[in-house]
Amino acid sequence: MVWEAYEKVKANQGAAGVDEESISDFEVDLKDNLYKLWNRMSSGSYFPAPVRAVEIPKKAGGVRILGVPTVADRVAQTVVAMYLEPEVEPLFHPDSYGYRPGRSALDAVASCRVRCQKMGWVIDLDIRAFFDSLDHDLVLRTVSKHTGLAWVLLYVKRWLTAPLQHADGTMSARDRGTPQGSAISPLLANLFLHYAFDMWLSWEFPDVSFERYADDAVVHCVSRFQAQRVLDAISQRLAGLGLELHPDKTCIVYCKDARRRGDHDHTSFDFLGYTFRRRAVRSKAGEVFDGFAPAVSDSAAKAMRQQIRRWRLHHRSESSLVDLAKQINPIVRGWINYHGRFYRSWLARSLARINDYLVRWARRKYKRLDNHPSRSWRWLEGVARLAPALFAHWKIGVLP
């Protein structure tokens, strides 16, 4: 189990912890390192190192603290996750999508899209500082329901209480929460929310449906009155567990489209990198109508445009088009595969910026095009006709 866990950790890569030991450093004496870890875990003498705190800027401002365990601790956590997952995975709710085998964020977006067409109201939920606020005793109680292995509970408790070590070397004790970035945190979070949210909501409001990806969730309702009643109940439920809904980010949304009359303060919401709102959509029969549908979110599109600008393609006149394509295509393909699943035309607006920079590149590269923007565009159009698969965004029709 330790060996299999190590292979998973290696596949995921990741940064070094407080000991500054990378995966390649760990592998210098791999057999001895894994033997020591197995021996300590088997004997109960395993104690995790402090967790390295890394500040990650939030898109909306502020920072999120990411916890980076050491490589050895990530292997140990993966061992426990491999023991627990087969026990709890079959019990999880079908509308829970985060960090589960065979499920993805896009599956959650697809389900949300269908339900928004059927039900006119959504509760957009945001739990304030969820991973930082989890009650340790409640987490351990949920774990104890699914394992009789004392060593699993022992090590989960030690991971929960391992201190955070900041960049200046200072330590912060932790009496609540589980650090984002550890190998065991997603499973612990899913297990906690299975009882705190999924099953509770199914028992209390069996006619209400939802999608949840880790701590990000939307709840579908048939009326404004029902949505308010469910939201009040969820708020009370979470408060009883030491959690709080973010007052500025949690709201009730009206899924307004051509069929639905009236109005509301909120008529759009973001979920997993997609913005759901009223927009022109095309039916299978080719008819265009106003529907409530997802497309790449404004924040995700803005981040892409910023990344495209940071590439500074127009300054790479020493590179060929083939070189540029090799450098950016893996990232662009990732954007297309995720954010282009629904209403790709909205994604195309951001990807078209790449063509702008390629034209600027051509004008720097070839002096005959320098003062002729229209000629530069015609030149790039000719390249696209000859090699339409050269750039990933050209393959989906975002041509110059």
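The present account deals with the structure reproduced in this document. (Residues numbered from 1 in each chain as written. Predicted model: local features only at pLDDT ≥ 70, side-chain atom pairs only at ≥ 80, totals over all residues. Heavy atoms only, no water.)

What follows covers the packing of aromatic side chains. On inspection of all chains with the given rule, the structure shows 22 aromatic pairs. Judged by centre distance (5.6 Å) and plane angle (45 degrees), the ring pair of Tyr35 and Trp38 falls under tilted. Taken together, the positions of Tyr35 and Trp38, both in helix 3 (residues 30-43) and 3 residues apart, correspond to about one turn of that helix. For Tyr35, a relative accessible area of 47% translates into the label partly exposed. Ring plane angle 65 degrees and centroid distance 6.2 Å describe the contact between Tyr46 and Trp159, whose orientation is recorded as edge-to-face. Of this pair, Tyr46 sits in the loop between helix 3 and strand 1 (51-57) while Trp159 sits in helix 8 (residues 150-161), placing them 113 residues apart in sequence. Exposure class is identical for Tyr46 and Trp159. Each is buried. Members of the aromatic cluster, connected to one another through ring pairs, are Tyr46, Tyr83, Trp151, Tyr155 and Trp159. Cation over ring: Arg368 sits above Tyr366, and NZ or CZ is 5.2 Å from the ring centre. (Phe/Tyr/Trp six-rings, centres within 6.5 Å; stacked < 30°, edge-to-face > 60°. Helix = DSSP H or I, 4+ residues; strand = E, 2+ residues; numbered from the N terminus. Buried < 20%, exposed > 50% of the residue type's maximum accessible area, 1.4 Å probe, protein only. Lys NZ or Arg CZ within 6 Å of the ring centre and 35° of its normal.)

Pairing is possible between side chains that carry opposite charge, provided their charged atoms lie close to one another. This model, assessed by the stated rule, comprises 12 salt bridges. For Arg115, the salt bridge is made with Glu211, and the minimal N-O distance between the two is 2.8 Å. Remark: Glu211 occurs in strand 6 (residues 209-213) and Arg115 occurs in helix 5 (residues 105-118); sequence separation between them is 96 residues. Residue Arg115 is classed as buried on the basis of its relative accessible area, which comes to 19%. Where Asp290 meets Arg278, a salt bridge forms, and the shortest distance between an N and an O atom there is 3.1 Å. Remark: Arg278 occurs in strand 10 (residues 274-282) and Asp290 occurs in strand 11 (residues 288-296); sequence separation between them is 12 residues. Residues joined by salt bridges that share partners form a network here, namely Asp95, Arg115 and Glu211. (Salt bridge = Lys/Arg side-chain N within 4 Å of Asp/Glu carboxyl O.)

Looking now at the side chain of Arg158. Inspection of the secondary structure assignment puts Arg158 in helix 8. Residues contacting Arg158, with those up to four places away along its chain left out, are Gly44, Ser45, Tyr46, Phe47 and Pro48. (Contact = heavy atoms within 4.5 Å.)

A few words now on the packing of helix 1 (residues 2-12) against helix 3. Orientation of helix 1 relative to helix 3, taken along the N-to-C sense of each, is 120 degrees, at an axis distance of 10 Å. Relative to helix 3, helix 1 is oriented oblique. In this structure, helix 1 crosses over helix 3, and the sense of that crossing is right-handed. Counted together, Val2, Trp3 and Tyr6 of helix 1 and Leu30, Leu34, Leu37 and Trp38 of helix 3 form the full contact between these two elements. A per-class count over the contact of helix 1 with helix 3 returns 7 nonpolar, no polar and no charged. (Axes fitted to C-alpha atoms, helices over the stretch in contact; angles between N-to-C directions. Parallel < 35°, antiparallel > 145°, perpendicular 65-115°, else oblique. Left-handed = near helix turned anticlockwise from the far one by under 90°. Nonpolar A, V, L, I, M, F, W, Y, C, P; charged D, E, K, R; others polar.)

Moving on, we get to the nonpolar core. Core analysis: the largest hydrophobic core is formed by 65 residues, its most contacted members being Phe192, Leu201, Val219 and Ile234. Per element, the largest residue contribution to this core is 10 residues, and it comes from helix 9 (residues 185-204). Contact partners of Leu201, with chain neighbours within four places excluded, come to Pro206, Val208, Phe210, Val219, Val230 and Ile234. Ranked by size, the runner-up nonpolar core spans 31 residues in total, among them Trp335, Ala362, Leu380 and Ala392. (Core = buried A, V, L, I, M, F, W, Y, C linked by side-chain atoms within 4.5 Å.)

Right, let's talk about the environment of Ala293 for a bit. Relative to the assigned elements, Ala293 resides in strand 11. Owing to a relative accessible area of 1%, Ala293 belongs among the buried residues under this scheme. Once the C-alpha coordinates of Ala293 and Arg278 are considered, the two residues, 15 residues apart in sequence, prove to be 6.4 Å apart.

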